[in-house]
Amino acid sequence: MRSIVLAHDLLPLRYPQLTPLLAYHLAYVPLVLHRALRVLCNSEATAREVHGRLGVPLRRLVPIRLGFNPGQLRPLGLERQPFFLVLGRHDPHKNLERVLRAFAALADREHRLTLVGPHDRRYTPKLQRLALELGIAGRCDWLPWVSDQERLQLLNRCRALVLVSLWEGFGLPALEAMACGAPVIAARAGALAEVVGEAALLVEPRSVPAIAAAMGALIREPALAARLAEAGFARAAHFRWSDTARQVEGLLRELS
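Conventions adopted
Residues numbered from 1 in each chain as written. Predicted model: local features only at pLDDT ≥ 70, side-chain atom pairs only at ≥ 80, totals over all residues. Heavy atoms only, no water. Helix = DSSP H or I, 4+ residues; strand = E, 2+ residues; numbered from the N terminus. Areas by Shrake-Rupley, 256 points an atom, 1.4 Å probe, with all protein chains shown as cover. Lys, Arg positive; Asp, Glu negative; His and termini not counted. Charge placed at Lys NZ, Arg CZ, Asp CG, Glu CD. Expected span 1.5 Å × (residues − 1). Buried < 20%, exposed > 50% of the residue type's maximum accessible area, 1.4 Å probe, protein only. Arc of directions from axis to C-beta. Core = buried A, V, L, I, M, F, W, Y, C linked by side-chain atoms within 4.5 Å. Contact = heavy atoms within 4.5 Å. Pairing = 2+ DSSP bridges. Right-handed = clockwise from strand over helix to strand, strands pointing away. Axes fitted to C-alpha atoms, helices over the stretch in contact; angles between N-to-C directions. Polar contact = N/O pair within 3.5 Å; in protein donor to acceptor, adjacent residues only side chain to side chain. Salt bridge = Lys/Arg side-chain N within 4 Å of Asp/Glu carboxyl O.

Participant: So what about the overall build of the protein chain? Which residues, and what values?
Facilitator: A tally of helices and strands in the protein chain yields eleven helices and nine strands. For the protein chain, the computed accessible surface area is about 12700 Å², with 56% contributed by carbon and sulfur atoms. Computed over 33 positive and 23 negative side-chain charges, the inter-centroid distance for the protein chain is 5 Å.

Participant: Give a description of helix H11 (residues 241-255) that names residues and reports values.
Facilitator: With 15 residues, H11 extends 21 Å between its outermost C-alpha atoms, agreeing within 8% with the 21 Å of an ideal straight helix rising 1.5 Å per residue. Within the span of H11, buried status applies to Thr 244, Leu 251 and Leu 255. Seen from one end, H11 has its buried residues packed into an arc of 30 degrees, which puts them on one side. Exposed residues lying more than 90 degrees from the buried face of H11 are Arg 246 and Arg 253.

Participant: Describe the nonpolar core, naming the residues involved and giving the relevant values.
Facilitator: Counting residues in each nonpolar core, the largest one holds 65 residues, and the members touching the most others are Phe 84, Leu 85, Leu 100, Leu 113, Ile 185 and Met 215. With residues near it in sequence (within four places) discarded, Met 215 still touches Phe 84, Val 99, Ala 102, Phe 103, Leu 106, Val 162 and Ile 185. Val 5, Leu 13, Val 29 and Leu 33 belong to the second-largest nonpolar core, a separate cluster that totals 14 residues.

Participant: Got a sec to walk through the pairing of strand S8 (residues 184-187)? Specific residues and values, please.
Facilitator: Residue alternation in S8 divides its side chains into two sets, Val 184 and Ala 186 and Ile 185 and Ala 187, and both sets are buried. As paired elements, strand S7 (residues 160-163) and S8 share three bridges and run parallel to each other. Bridge pairing in S8 places Leu 161 opposite Val 184. With respect to chirality, the unit in which S7 leads through helix H7 (residues 172-179) into the neighbouring parallel S8 is right-handed. As paired strands, S8 and strand S9 (residues 201-203) are joined by three bridges and run parallel to one another. Bridge pairing in S9 links Ala 186 to Leu 202.

Participant: An account of the sheet that holds S9 is needed here, citing residue identities and associated values.
Facilitator: An order of S6-S5-S4-S7-S8-S9 is seen for the six strands of this open sheet, with the pairing classed as parallel. Looking at strand neighbours, the two that pair on one side only are strand S6 (140-143) and S9, the edges of this open sheet. On average, each strand axis in the sheet is tilted by 20 degrees relative to the strand beside it, whichever way the strands run. Each of strand S4 (83-87), S7 and S8 is contacted by H7, which is oriented at about 170 degrees to S7, the strand it contacts most.

Participant: I'd like a description of the sheet that holds strand S3 (residues 61-63), backed by residues and values.
Facilitator: Read from one edge of the open sheet, three strands run S1-S2-S3, paired in parallel fashion. The open sheet has two free edges, formed respectively by strand S1 (4-7) and S3, since each of these has just one partner strand. Within this sheet the neighbouring strands show an average axis-to-axis angle of 25 degrees, counted without direction. Where H11 meets the sheet, its contacts fall on S1, strand S2 (38-41) and S3, and the angle it forms with S2 comes to roughly 175 degrees.

Participant: Give a description of the side chain of Asn 156 that names residues and reports values.
Facilitator: Following the sequence through the fold, Asn 156 ends up in helix H6 (residues 148-157). Engagement of the side chain of Asn 156 in a polar contact is seen with the backbone oxygen of Leu 152, the distance being 2.9 Å. Sequence-distant contacts of Asn 156, that is, excluding residues within four places in its chain, are made with Arg 74, Pro 75, Leu 76, Gly 77, Leu 78, Glu 79, Arg 80 and Cys 180.

Participant: Quick one: what's the story with the side chain of Arg 60, residue by residue and with numbers?
Facilitator: Along the polypeptide, Arg 60 turns up in the loop between helix H3 (44-54) and S3. For the buried residue Arg 60, which engages in no salt bridge, the nearest side chain bearing the opposite charge is Glu 254, 12 Å off. Within the structure, Arg 60 has its side chain in polar contact with the backbone oxygen of His 34 (distance 3.0 Å). Here Ala 36 takes part through its backbone oxygen, which lies 2.8 Å from a polar atom of the side chain of Arg 60. What Arg 60 contacts, discounting residues up to four positions off in sequence, is Leu 33, His 34, Ala 36, Leu 37, Arg 38 and Val 39.

Participant: Account for the pattern of salt bridges, naming residues and giving values.
Facilitator: What the rule picks out here adds up to eleven salt bridges. We note a salt bridge from Glu 49 to Arg 14, for which the minimum N-O separation is 2.9 Å. Remark: Arg 14 occurs in helix H1 (residues 11-14) and Glu 49 occurs in helix H3; sequence separation between them is 35 residues. Among the residues examined, Arg 14 registers a relative accessible area of 27% and is labelled partly exposed. Among the salt bridges present, the one from Glu 176 reaches Arg 151, with a minimum N-O distance of 2.5 Å. Of the two residues, Glu 176 is situated in helix H7 and Arg 151 in helix H6; the sequence distance between them amounts to 25 residues.

Okay, structure coming up:
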């Protein structure tokens with residue numbers, strides 16, 4: 001069958017876990033990608049990994065940007081509140097242990113850390129125990145789920161979004177935060193630098209002091225936060241689903 005396949009990332013291969021899907025990821029996914037006429041990759045980083053890890057020829061890889069819905073994600077003109085926001089699962093590659101340690105290292109004790117993402121019995125209890133050991137459990141809010149409206153409110157009220165994963169195939173929360181005018185602290189890993197450009201504070205994700213320094217800077221320097229908010233909003237305007245659709249449509253016409 002002639003096929004075009006979208007590869008978001010190769011995280012199950014980069015960080016394999018003993019789950020019923022492991023054989024699927026190790027055997028079937030590479031087969032599908034090799035047989036596809038084209039593999040759409042949501043970032044240059046993913047394209048490089050699909051080529052380097054699986055050997056899919058570069059000529060068949062097509063980097064394609066994701067987008068966001070401006071009707072659902074937009075600035076509301078709300079006052080920023082003293083909390084940092086984390087959006088995502090609690091898997092080890094999300095680097096939440098270092099986020100907790102960086103938050104604990106802050107001199108400021110007024111800010112809170114809000115972690116929104118599905119609780120995982122393998123990882124969440126360990127992270128919550130670490131927060132207790134670090135003496136920050138009382139300032140951490142663990143929300144397993146929020147509605148779209150609640151998400152919009154959080155992105156418009158947070159001091160900044162913290163997304164310092166060890167790897168992201170794209171990093172949609174960073175784009176969503178910029179679309180809402182929220183400053184972003186992002187890792188120099190995977191595709192995050194492609195998404196945020198110069199409109200975020202980029203940090204080494206394995207450095208707790210670097211993450212803490214970025215958090216502290218956004219607390220102490222309102223002008224820096226304002227500059228990042230403005231730059232991020234302008235940066236987000238370059239990611240539109242209409243552009244994605246046109247690119248996919250053009251590819252389908254080319255191959256038809």
